[in-house]
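Structure assessment
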Amino acid sequence: PRRTRMLNARVLRIVLLAIVLGVAASVIAKVLVALIGLITNLAFYGRWSTTFVNPTTLHLGAWVIAVPIVGGLIVGVMARWGSTAIRGHGIPEAMEQILLNESRVPPRVTWLKPVSSAIAIGTGGPFGAEGPIIATGGALGSLLGQLLHVTADERKTLLAAGAAAGMATIFSAPVSAVLLAVELLLFERRARSLIPVMPLTPNGKLDRKALPAPEDDAYVRHVYEPPQGETEQTLASIWEELLGVDKVGRNDNFFELGGHSLMAVKLMERMRRLGYGIEVRALFATPTLADLAATLGECQDVAVPPNLITPDAVAITPDMLPLVDLSQADIDRIVTRVPGGAANIQDIYALSPLQDGILFHHLLAADGDPYLLAGQMAFADKARLDSFLVA
């Protein structure tokens, strides 16, 4: 019980900090907009005003070309002697700090980024305020987390909260701002990061049983048309069981009814048990019930030929490799690179797309292997170590 209270108190603390941060980021967003208007008026009209104006009505003539050049030079000086972190659009730089620096953004970015961005945009820079406000709001959240010495995950949550608050103020779209922050900055959808006030179990995970079940009208539904034919009726009954939805129509979409990739795998398995040949990609290509039912039977199970390389084989020839087309010279070159030669080769076949990707990242890595992870753990005594090994 004590552990649960500590967890909830810490989550509540982050929520309160996020609220304060949201107010501060909103103020900074308004200041950024005012600065852009001020720089625009100063650069093109030589007057002190934050009112937005159309630069096309200016009378600088050919000298207007020099305005963005001067603005770029000023920003360059700020990046050179202020902080290189202000370079770029803002969003990729915020993602970089999260991925490579545990969400620790240099404190100077909090004021350097909005000022430099206002200069760049106000003098005719070809970008908008979404990147700068994400970088600025995120820097403010990171600064707050660094001052309070929170964990890296909590600092990331505060960074995303500041960025989302700034975006919501700039574009008056709070829901879109939150979704953007989740997609680009949090890289996750954990309740601890998204909605800390959701009901939690004692181990800190989301208690789904404590949440209200979605009503039937919470799903996207089309005009109901009953399934036609045995195949559609069979498929509809499986969807109803897997998705927990009543009366699936032939125009309903699997994913709009709450389906996801893991449930799609379960669906494929159920269909194969009934003798229907189907692939997962067919469901993504034709997610409606009627269209999917029409493709059933088109995908046949792949017949895997027998392995012709016997355990006592001392040589491998092209006719022993039904899964790949290689010349004898190619085969001999492969055999010479395998310790033990032909006696130590069970089969030869091409890599799958996933294996191709693994090999690519392995060859691309300069130091070590990205698929080999090393970790170190410490235990208070041998009894705890033994319990861990048994588990």
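Below is a short write-up of the structure. (Residues numbered from 1 in each chain as written. Predicted model: local features only at pLDDT ≥ 70, side-chain atom pairs only at ≥ 80, totals over all residues. Heavy atoms only, no water.)

1. Points about the overall build of the chain
To keep things clear, this is the line we draw: Each helix is a run of DSSP H or I of at least 4 residues and each strand a run of E of at least 2, with the numbering of both proceeding from the N terminus. Per-residue accessibility, obtained with a 1.4 Å probe over protein chains only, is compared with the maximum for each type, and a residue is labelled buried under 20%, exposed over 50%, and partly exposed between these values. Method for areas: the Shrake-Rupley scheme with a 1.4 Å probe, in which residue coverage is limited to the protein chains shown.
Helix and strand content of the chain: 15 helices and 0 strands. The proportion of buried residues among the 391 residues of the chain is 34%. With the model as given, the accessible surface of the chain reaches about 24200 Å², and the carbon-plus-sulfur share is 62%.

2. Focus on the pattern of salt bridges
Rules: Salt bridges are identified by distance alone: a Lys or Arg side-chain nitrogen within 4 Å of an Asp or Glu carboxyl oxygen.
Under the defined criterion, the tally for this structure stands at 7 salt bridges. With a closest N to O distance of 3.7 Å, Glu 225 and Arg 250 form a salt bridge. Residue Glu 225 is located in the loop between helix 8 (191–194) and helix 9 (229–243), and its partner Arg 250 is located in the loop between helix 9 and helix 10 (261–273); the two are separated by 25 residues in the primary sequence. Judged by its relative accessible area of 28%, Glu 225 is partly exposed. On the basis of relative accessible area, Arg 250 is assigned to the buried category, the value being 16%. Across the pair Lys 382 and Asp 386 runs a salt bridge whose closest N-O atoms are separated by 3.1 Å. In this pair, Lys 382 and Asp 386 both sit in helix 15 (residues 382–390), 4 residues apart, roughly one turn of the helix. Taken together, the shared-partner salt bridges connect Glu 225, Glu 232 and Arg 250 into one network.

3. Some remarks on the nonpolar core
Defined as follows: Side-chain atoms within 4.5 Å link the members of a nonpolar core, which is a set of buried Ala, Val, Leu, Ile, Met, Phe, Trp, Tyr and Cys residues.
Of all hydrophobic cores here, the largest spans 32 residues; its most connected members are Ile 134 and Leu 185. Contributing elements (two or more residues each) for this core: helix 1 (2–45), helix 2 (66–81), helix 3 (91–100), helix 4 (109–122), helix 5 (130–148), helix 6 (152–171) and helix 7 (174–186). Counting 22 residues, the second largest nonpolar core, distinct from the first, contains Leu 267, Met 271, Leu 289 and Leu 296.

4. Some details on the packing of helix 6 against helix 7
The condition is simple: Axis definition: a line fitted to C-alpha atoms, limited for helices to the stretch in contact. Angles are taken between N-to-C directions and run from 0 to 180 degrees. For any helix crossing, the convention is left-handed if the near helix is rotated counterclockwise from the far helix by under a right angle, and right-handed if that rotation is clockwise. The contact criterion used is simple: two residues touch if any of their non-hydrogen atoms lie within 4.5 Å. Note on residue categories: nonpolar means Ala, Val, Leu, Ile, Met, Phe, Trp, Tyr, Cys or Pro, charged means Asp, Glu, Lys or Arg, and polar means any other residue, Gly included.
The contact between helix 6 and helix 7 brings their axes to 8 Å, and the two run at 145 degrees. Judged by the sense of rotation from one axis to the other, the crossing of helix 6 with helix 7 is right-handed. On the side of helix 6, the interface is formed by Lys 156, Thr 157, Leu 159, Ala 160, Ala 163, Ala 164, Met 167 and Ala 168, while helix 7 contributes Pro 174, Ala 177, Val 178, Leu 180, Ala 181, Leu 185 and Leu 186. Among the residues making up the contact of helix 6 with helix 7, the classes are represented as 13 nonpolar, 1 polar and 1 charged.

5. Notes on the packing of aromatic side chains
Ring pairs (aromatic) are described by centroid distance and by the angle formed between their planes. Rules: Geometry of aromatic contacts follows a simple scheme: Phe, Tyr and Trp rings, the Trp one being its six-membered ring, pair when their centres are within 6.5 Å, and the pair is stacked under 30 degrees between planes, edge-to-face over 60, tilted otherwise. Cation placement over rings: the criterion is NZ of Lys or CZ of Arg within 6 Å of the ring centroid and within 35° of the ring normal.
For the structure shown, the criterion picks out 4 aromatic pairs. Judged by centre distance (5.3 Å) and plane angle (65 degrees), the rings of Trp 239 and Phe 254 are edge-to-face. Linking Trp 239 in helix 9 with Phe 254 in the loop between helix 9 and helix 10, this pair joins segments that are 15 residues apart in sequence. In this pair, the class of Trp 239 matches that of Phe 254, namely buried. Residues Phe 254 and Phe 255 carry aromatic rings whose centres are separated by 5.2 Å and whose planes lie at 90 degrees to one another, so their mutual orientation is edge-to-face. Given a relative accessible area of 27%, Phe 255 falls into the partly exposed group. Within the aromatic cluster, the residues linked to one another by ring pairs are Trp 239, Phe 254, Phe 255 and Phe 284. Over the face of the ring belonging to Tyr 224 we find Lys 247, whose NZ or CZ atom lies 4.6 Å from the ring centre.

6. With respect to helix 10
The test is simple: Any helix carries an expected span of 1.5 Å times its number of residues minus one. By construction, the arc corresponds to the directions joining the helix axis to the C-beta atoms.
Taking 1.5 Å as the rise per residue, helix 10 with 13 residues should run 18 Å; its terminal C-alpha atoms sit 19 Å apart, in good agreement. Buried residues of helix 10: Met 263, Ala 264, Leu 267, Met 268 and Met 271, and no others. The buried residues of helix 10 all sit within an arc of 150 degrees when viewed along its axis, so they share a single face. In this structure, helix 10 carries Leu 262, Lys 266 and Arg 273 as exposed residues pointing more than 90 degrees from its buried face. Contacts from the buried residues of helix 10 go to helix 9 and helix 11 (280–285). Trailing helix 10 by a residue or two, Gly 275 shows a phi angle of about 90 degrees, which is positive.

7. Here's the deal with a nonpolar patch on the surface
Cut-off, in case you're wondering: In this analysis, a patch consists of residues with relative accessible area above 30% that form no salt bridge, clustered at 9 Å for like charges and at 5 Å for the nonpolar side chains Val, Leu, Ile, Met, Phe, Trp and Tyr.
Nonpolar side chains collect at one region of the surface, where Met 377, Phe 379, Leu 385, Phe 388 and Leu 389 lie side by side and expose about 490 Å² of accessible area between them. Here Met 377 lies in the loop between helix 14 (353–364) and helix 15.

8. Looking at the packing of helix 9 against helix 10
Which entries qualify depends on this criterion: Roughly parallel covers angles under 35 degrees, roughly antiparallel covers those over 145, roughly perpendicular covers 65 to 115, and oblique covers all other angles.
Where helix 9 meets helix 10, the closest approach of the two axes is 11 Å, and the angle between their N-to-C directions is 140 degrees. The angle between helix 9 and helix 10 falls in the class oblique. At the point where helix 9 passes helix 10, the crossing takes the right-handed sense. Listed contacts from helix 10 to Leu 235, Ile 238, Trp 239, Glu 241, Leu 242 and Leu 243 of helix 9 are Met 263, Lys 266, Leu 267, Arg 270 and Met 271. Along the lines of polarity and charge, the residues of the contact of helix 9 with helix 10 split into 8 nonpolar, no polar and 3 charged.

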